[in-house]
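Structure at a glance
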Amino acid sequence: MAAPEGVEAQTCVMTRDGEAWARVYYRNATGEELRSVLTLMGPGGRTVELHCAPIAHDEPDTCETPRVPSSRPPGSATAVAEFVGAGPVEEAPLLLRAGSERAPGAGD
């Protein structure tokens, strides 16, 4: 996904050896530092959040949540990354929200 302000992001859920984590690939071409929150949402309302600080440069970068144990099948979790602009948190504009898609038929 891309925003007209100059930030692009793609979010996914990674799984390996009984663990799951969220990863966002992004590019920040806004010319300013942004704030971002990456959230891994699992079955039963379980979440893991990580605050990232995408620096202002036009090179691709990544941010990942910590890995957590997961006994659920791949596709049972989703990830969302939100990028906001500068300024006080309550006034910062939401520039982009990018989310993964749950696999078809994946249940809680």
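Let me begin by describing the structure that accompanies this report. Note that the coordinates shown come from a computational prediction; the quantities given were computed from them, not determined experimentally. (Residues numbered from 1 in each chain as written. Predicted model: local features only at pLDDT ≥ 70, side-chain atom pairs only at ≥ 80, totals over all residues. Heavy atoms only, no water.)

Scanning the protein chain from terminus to terminus reveals 0 helices and 8 strands. Element order for the protein chain, N to C, with α for helix and β for strand: β-β-β-β-β-β-β-β. Computed over C-alpha atoms, the radius of gyration of the protein chain comes to 14 Å, within 12% of the 13 Å expected from 2.2 N^0.38 for 108 residues, which places it in the range of a compact globule. For the protein chain, the spread of C-alpha atoms along the principal axes amounts to about 40 × 30 × 25 Å. For the protein chain, the residues scored as buried account for 33% of the 108 residues in total. Residue pairs at least 24 apart in sequence account for 57% of intrachain contacts in the protein chain once pairs closer than 6 positions are excluded. A total of about 6400 Å² of accessible surface is found on the protein chain, and carbon and sulfur atoms cover 50% of it. (Helix = DSSP H or I, 4+ residues; strand = E, 2+ residues; numbered from the N terminus. Rg over C-alpha atoms; globule rule 2.2 N^0.38 Å. Buried < 20%, exposed > 50% of the residue type's maximum accessible area, 1.4 Å probe, protein only. Contact = heavy atoms within 4.5 Å. Areas by Shrake-Rupley, 256 points an atom, 1.4 Å probe, with all protein chains shown as cover.)

Once that is clear, we can look at the side chain of Ser36. Residue position: Ser36 is located in strand β3 (residues 35-41). Looking at Ser36, the relative accessible area reads 3%, which means it is buried. Ignoring anything within four residues of it in the chain, the contact list for Ser36 reads Leu50, His51, Cys52, Pro54, Glu82 and Phe83.

Membership of the largest hydrophobic core comes to 19 residues, with the highest contact counts inside it found for Val7, Ala9, Val24, Tyr26, Leu38, Phe83 and Leu96. When residues of this core are traced back to their parent elements, those giving at least two are β1 (7-16), β2 (19-28), β3, β4 (47-52), β7 (78-84) and β8 (94-99). (Core = buried A, V, L, I, M, F, W, Y, C linked by side-chain atoms within 4.5 Å.)

Let us look at the pattern of salt bridges. This structure, assessed with the given rule, holds 3 salt bridges. In this structure, Arg27 and Asp58 form a salt bridge, with 3.6 Å as the shortest nitrogen-oxygen distance. Residue Arg27 is found in strand β2, and its partner Asp58 is found in strand β5 (residues 57-64); the two are separated by 31 residues along the sequence. Given the relative accessible area of 28%, Arg27 is considered partly exposed. Since its relative accessible area comes to 47%, Asp58 is described here as partly exposed. Where Arg97 meets Glu82, a salt bridge forms, and the shortest distance between an N and an O atom there is 2.5 Å. In this pair, Arg97 sits in strand β8 while Glu82 sits in strand β7, placing the two residues 15 residues apart along the sequence. By relative accessible area, Glu82 is classed as partly exposed at 28%. (Salt bridge = Lys/Arg side-chain N within 4 Å of Asp/Glu carboxyl O.)

To continue, consider unusual backbone geometry. Unlike most non-glycine residues, Asp17 shows phi in positive territory, near 50 degrees. Along the chain, the position of Asp17 falls in the loop between β1 and β2.

Such coordinate-based values are descriptive only and should not be taken to indicate function.
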